[in-house]
Amino acid sequence: DSGVTQTPKHLITATGQRVTLRCSPRSGDLSVYWYQQSLDQGLQFLIQYYNGEERAKGNILERFSAQQFPDLHSELNLSSLELGDSALYFCASSVAGISGNTIYFGEGSWLTVV
Amino acid sequence: AQKITQTQPGMFVQEKEAVTLDCTYDTSDQSYGLFWYKQPSSGEMIFLIYQGSYDEQNATEGRYSLNFQKARKSANLVISASQLGDSAMYFCAMREGQAAGNKLTFGGGTRVLVKP
């Protein structure tokens, strides 16, 4: 158990709909990262938050948005869903900084858009 | 240019033997970190081992060791005494400095199948 909690684990929804994925980071971790894993794109970094503020942005579509709340949990909102958004979405967390720190992943949220 | 390259898309290994998974990286940062993750068929991403760019000793975690060759920009993972449960996808990843947001960049992965 990595200590990073993601819900829901599985989600099936229709095209055009909106979903919210939730992540609770490890206790004490201030940074939250969101990643998308699809068969054709591999693991893609979407966005990072540190202590409530957006820190880095990757290949995140405009239809997607995220935020980190004061209790440090984070939500990834996916709207106007398309078939191509079907993927495994990971949340990861870490303590800020680089020296000696690692990044732990949650179990992921499987999203299927039909 | 690819920042993380894993040249072995898949490999077989005999149970109880050692296996080396290749990873090369590209960065101009002096301070960076290298990671290996295991992803079994169930999908979760399991942290295995970490090597900092300033670490002089190669990292080891149980049966996992990281062969870090900084001048060659390689960070190969060695799994000793392979077990059937080691069958999975293995990803090499790099975290660069704050300018890159401390995010991880992943390689394409290597699928390992351990044969009994």
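Rules and cut-offs
Residues numbered from 1 in each chain as written. Chains lettered and ligands numbered in written order. Predicted model: local features only at pLDDT ≥ 70, side-chain atom pairs only at ≥ 80, totals over all residues. Heavy atoms only, no water. Disulfide = S-S within 2.5 Å. Helix = DSSP H or I, 4+ residues; strand = E, 2+ residues; numbered from the N terminus. Contact = heavy atoms within 4.5 Å. Buried area = accessible area lost by both parts, 1.4 Å probe. Salt bridge = Lys/Arg side-chain N within 4 Å of Asp/Glu carboxyl O. Polar contact = N/O pair within 3.5 Å; in protein donor to acceptor, adjacent residues only side chain to side chain. Nonpolar A, V, L, I, M, F, W, Y, C, P; charged D, E, K, R; others polar. Buried < 20%, exposed > 50% of the residue type's maximum accessible area, 1.4 Å probe, protein only.

Student: Explain the state of the cysteines residue by residue, including any values.
Tutor: Throughout this description, disulfide means a covalent bond between two cysteine sulfur atoms. Residue and element names in this part refer to chain B. Across all of its chains, the model carries 2 disulfides over all chains by this definition. The partner cysteine of Cys 23 in its disulfide is Cys 92, sulfur to sulfur 2.0 Å. A torsion of -65° about the S-S bond marks the disulfide between Cys 23 and Cys 92 as left-handed. Of this pair, Cys 23 sits in the loop between strand 3 (19-21) and strand 4 (24-25) while Cys 92 sits in strand 10 (residues 88-95); the two residues are 69 residues apart in sequence, bridging distant segments of the chain.

Student: Provide a residue-level description of the interface of chain B and chain A, including the pertinent values.
Tutor: Between chain B and chain A, the residue contacts involve 22 residues of the former and 21 residues of the latter. Across the chain B to chain A interface the summed buried area is about 1,700 Å²; carbon plus sulfur atoms make up 59%. Where chain B packs against chain A, one counts 0 salt bridges. Counting the contacts that link chain B with chain A gives 3 residue pairs in polar contact (both at pLDDT 80 or more). With 4 residues, the single largest contributor to the side of chain B that touches chain A is strand 5 (residues 33-39) of chain B. In terms of residue class, the side of chain B that touches chain A is built from 10 nonpolar, 8 polar and 4 charged.

Student: Which residues make up the pattern of salt bridges, and what are the values?
Tutor: Residue and element names in this part refer to chain A. Tallied over the entire structure, the rule returns 8 salt bridges over all chains. Of the charged contacts in the structure, one is a salt bridge between Glu 107 and Lys 9, with a shortest N-O distance of 3.8 Å. Taken as a pair, Glu 107 in the loop between strand 10 (104-105) and strand 11 (109-113) and Lys 9 in the loop between strand 1 (5-7) and strand 2 (10-13) lie far apart in primary sequence, 98 residues in all. Judged by relative accessible area, which is 44%, Lys 9 ranks as partly exposed. Glu 75 is the salt-bridge partner of Arg 22, the closest N and O atoms lying 4.0 Å from each other. You can see Arg 22 sitting in strand 3 (residues 19-24) and its partner Glu 75 sitting in strand 8 (residues 74-78), a full 53 residues away along the chain. Classification of Glu 75 by relative accessible area gives buried; the value is 19%. A single salt-bridge network, built from bridges that share partners, covers Arg 63, Glu 82 and Asp 85.

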